[in-house]
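Architecture and fold: a report
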Amino acid sequence: MSSQIELTMLKTELEKRILILDGAMGTMVQRLKLEEKDYRGTQFAEWKTPLKGNNDLLCLTNPAHIQNIHRQYLEAGADIIETCTLNSQRVSLDDYGLGAYAREINLAAARIAREAADEFTRKTPAKPRFVAGSVGSTSKMLSMSVDVNNPASRSITFDELEQDYEEQITALIDGGVDAILIETMFDTLNVKAALYAAKRSMKLLKKEMPVMVSATIADAGGRMLAGQNVNSFLTTVSHADLLAVGLNCSFGARELKPFLKELSRISPFYTVAYPNAGFPNQFGQYDETPDEMAEKIKEYIDEGLVNIVGACCGSSPAHIAKYTGLVEGKTPRKPQKPTTDLHLAGLDDFNLTSDFRYEICDKRYETVANRKSHIAYRNSQLINIGERCNVAGSKKFLRLINEKNYEEALSIARRQAENGAQIIDINMDDAMLDAKKEMVTFINLIASEPEVARLPLMIDSSKWEVIEAALKCVQGKPIVNSISLKEGEAEFIRKARQIREYGAAVVVMAFDEKGQADTFERKTEICGRAYKILVETADFPPQDIIFDPNVLAIGTGIEEHNNYAVDFINAARWIKENLPCAKVSGGISNLSFSFRGNNEMREAMHSVFLYHAQKAGLDMGIVNPETLINYDGIDTGFRNLIEDLVLNRRPDATERLIKTQDTRHKTQDAAGADLQSVPNKQAWRNENLENRLEYALIKGVADFLEEDLAEALQKYTNPVEIIEKPLMNGMNKVGKLFGEGKMFLPQVVKTARTMKKAVAILQPVIEKSQIANRESQIKKKFLIATVKGDVHDIGKNIVSVILACNNYEVIDLGVMVPTETIVATALREKVDVVGLSGLITPSLEEMCRVAEEMEKAGLRVPILIGGATTSKLHTAVKIAPNYQGAVVYCKDASINAYIVSQLLNESKKADFIEDIRKEYAGLQAQQKEKTKLADFEDAKSGRLELF
């Protein structure tokens, strides 16, 4: 059998039966209890960096162990085995100083798995075995910042991550894998980088390869760590020609099922699922037995939810062996029919159906104002694209960007979302701006604004380099505005294919080599030609094509312009009737350009135009949602005059409107003023002070902090009390909501940044107050590190951000930090708290060693314990006994600020620590093995015979 099984064979097997994926690699390696020397081998015997825990390296230094694990899974019945390369990207291997060995490790891993799979295929040719090249998420996130002072920063760029993925995937293909499995993904922008890299690798090698993608759900609400839900994740990756999409890790089979069920319901791809063997117990071990797990997996199979099923953390060949009987004779799931609707995505999924209706698939975060807006737009069948984040159309936005006042600029985006925009248009094209830099900065900042980030973005620029840079920053599926035929067909096709590879929809402007289409005939000629090229040559999905047939100014006094609105409306109708699945959009404010300065007239013109255009097929319009008025709400006489102009019903329509200006001047001024200051109904402002401060923190709204804190200073004895009471109460509520799955990570980070602003406002008052002694003016130091042998730092970085926002000086030592470094730094810097982080089970043992060494060094500062495998019980039973200082378990990042504040509060810390010690003593007592006493007769028989 050849080393490369054909793609058609894998697809054929999936059509016939449910395939079994293997189980965990890490758990199996841990059971081997390997030492540092086992990881080093002879090749890395003198390596300066500790290598224990780098399982992928074993493919070079101890390949027999990895091949034996593959064989065990194959013997258990696995049809597909994964290469031991989850963390074999250059950026991940750099944590061990092994980045230069990325290709070598991936090649070796692929060949080891290939040999094992081929061995078993030869034994049973009727049951071919396949090799999937495992490509992991890395410890980096493209969608979130870890810098508290700069939410626009990123620890790695799209290009850097894509290059690392390309190197890995190219090596895996060269090594003989049958498919690429991009797995355990918590940030969909990382997935897009990997998909882009896979495409480039296949093009380089001139070899097609099936690709599968699997996401990891991070919370009970069904969202990934970077904020997307299952629907938006699927939308975002659906541009790729995928074999399968699925879910793995984080949850056990039962907890994962609701999200798998939703994915199976909507996915046009094969479905893959491999949950953990339950949740880790208090000691970081997975207790779910093969029989227990099989019982839950059986539901996946019997209900037709999967095409490929396996297991993740904590599983073993014994778990996989139970699957064989479960899949026998079962009918595999049939992928759903691909949709012809336009699907877009921010953090939430956005679906524009073919009959003009739309759905926001997750309304959990809608405000009351939003819900009213959504109902209105469902009735009017128009998608509102917010236009105010456009430097060309908003003088205020341009000024704010020029001044680098990004916080206020973001408030413009937020206000549009609150007032009903379903898509946010962003344009930075200005001669005095570095448009590329500003676009990247602003999109990255939007990721820290969940109320805006939940919406799809429209990337608006006339510069291709700006568009391409923006596409590398957007986690969801955006719209590119725009491309056209004005530079010829070759360039049009090139850009369209690039947009497709980045996973975006596109606006096509009605331009060609001759110029802008201004008549019905030219509009339809260009749109028809562009559609044919996109669908037939560029292989662009027709539902992702949005035509803009050019909204042009009317009422200019030039007769040739009088029919521009009518021509647009008729073109929209023609597109809907002749170009299947295509959508229609337009920049609405262009229509009334002749009447700039007269807001009442302009908004009335927009309302009338939208009323008629949407009935003809207009799907979406770029417009300011704050200034939209109802068609029926316009005075009938005035509306008739406007309608005469828009529909070109009278040749003197413009003159008649102008004549009304004098008589309506006062009304226009009043209306204009009203439109410029549309009231933002915020009922929460009527609440009491404490509720207002709590709301501001939970929602991350800093607009009224100065006002509310000034009031608080009059009410509370001192400024520190404000922080410790109402502000900390708000942060505690955030932690509770996060734990309940009612808030997701970007929101938590945003609340932390709001807390930082509140503390900054109070800081001058604290320093001047009589109660402020020298100690209170000095920032408390918090040392945090991922322990030796562990390279995971996402959670650690989030804790750093939150604590920095709460006015602590954070000393972040990074990942794989030796115990000696932690202790030495704690002593040298005289830190106030030490935070230990880890994700993998061996990290728990390392945390015990850190506690022991801190005890030997005579330290007594509190230790905070956090990470996915940590638990209160393990902290109490295994870590705390090694250290006389306080040891506190932190369930998630959102509660760290509260715990640290209690530990460092002179009046509260003693009681707080005592309560924890009592609780931990109770847990320790429950775990102590009771001495088994022999019965009396046995005791007598065993007595010592001295005489």
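None of the values given here were measured: they were computed from a predicted structure.

A closer look at the overall build of the protein
Along its length, the protein carries 38 helices and 26 strands. Looking at the protein as a whole, 60% of its 947 residues qualify as buried. Of the contacts made within the protein by residues no fewer than 6 positions apart, 75% connect residues no fewer than 24 positions apart. Here the protein has roughly 38800 Å² of accessible surface; of this, 50% comes from carbon and sulfur atoms.

Some thoughts on the packing of helix α21 (residues 489–502) against helix α22 (residues 520–537)
Interaxial distance between α21 and α22 falls to 11 Å at its minimum, and their mutual angle equals 55°. In terms of orientation, α21 lies oblique with respect to α22. Crossing of α21 over α22 shows right-handed handedness. Residue-level inspection shows E489, F492, I493, A496 and R497 of α21 in contact with α22, the latter providing R529, A530, I533, L534 and T537. Partitioned by chemical class, the residues of the contact of α21 with α22 number six nonpolar, one polar and three charged.

Observations regarding the sheet that holds strand β25 (residues 863–866)
With parallel pairing, five strands are arranged side by side in an open sheet as β23-β22-β24-β25-β26. Single-partner strands in this sheet number two, and they are β23 (809–812) and β26 (887–889). Strand-to-strand twist in this sheet, taken as the mean axis angle between neighbours without regard to direction, amounts to 20°. In the packing of helix α35 (residues 872–879) onto the sheet, contacts are made with β25 and β26, and the angle to β26 comes to roughly 160°.

Examining the nonpolar core
Membership of the largest hydrophobic core comes to 191 residues, with the highest contact counts inside it found for I180, Y300, F442, F547 and F609. Among the elements that take part in this core, helix α7 (residues 102–123) stands out by supplying ten residues, more than any other. Ignoring anything within four residues of it in the chain, the contact list for F442 reads C389, F397, I401, A409, L410, A413, I426 and M428. In terms of nonpolar packing, the next biggest core, distinct from the first, is built from 65 residues, M141, V801, I865 and I879 among them.

A closer look at the pairing of strand β4 (residues 179–185)
Of all seven residues that make up β4, seven are buried, and the element is covered over most of its length. Sheet topology places strand β3 (residues 130–135) next to β4; four bridges connect them, and they run parallel. Bridged to G133 within β4 is I180. Strand direction decides the pairing type here: β4 and strand β5 (residues 211–215), joined by four bridges, are parallel. When the bridges of β5 are listed, I180 appears paired with V211. The handedness of the β4 to β5 crossover, carried by helix α9 (residues 188–205), is right-handed.

Side note on the packing of helix α10 (residues 230–237) against helix α11 (residues 253–266)
When two helices pack together, their arrangement is given by the angle between the helix axes and the distance between those axes. For the pair α10 and α11, the least separation of the axes is 10 Å and the interaxial angle reads 40°. Considered as vectors, α10 and α11 are oriented oblique to each other. When you trace α10 past α11, the crossing you get is right-handed. Note on element contacts: α11 touches α10 through F259, E262, L263, R265 and I266, opposite V230, N231 and L234.

Cut-off values and rules
Residues numbered from 1 in each chain as written. Predicted model: local features only at pLDDT ≥ 70, side-chain atom pairs only at ≥ 80, totals over all residues. Heavy atoms only, no water. Helix = DSSP H or I, 4+ residues; strand = E, 2+ residues; numbered from the N terminus. Buried < 20%, exposed > 50% of the residue type's maximum accessible area, 1.4 Å probe, protein only. Contact = heavy atoms within 4.5 Å. Areas by Shrake-Rupley, 256 points an atom, 1.4 Å probe, with all protein chains shown as cover. Axes fitted to C-alpha atoms, helices over the stretch in contact; angles between N-to-C directions. Parallel < 35°, antiparallel > 145°, perpendicular 65-115°, else oblique. Left-handed = near helix turned anticlockwise from the far one by under 90°. Nonpolar A, V, L, I, M, F, W, Y, C, P; charged D, E, K, R; others polar. Pairing = 2+ DSSP bridges. Core = buried A, V, L, I, M, F, W, Y, C linked by side-chain atoms within 4.5 Å. Right-handed = clockwise from strand over helix to strand, strands pointing away.

Any functional reading would require information that these geometric values do not contain.
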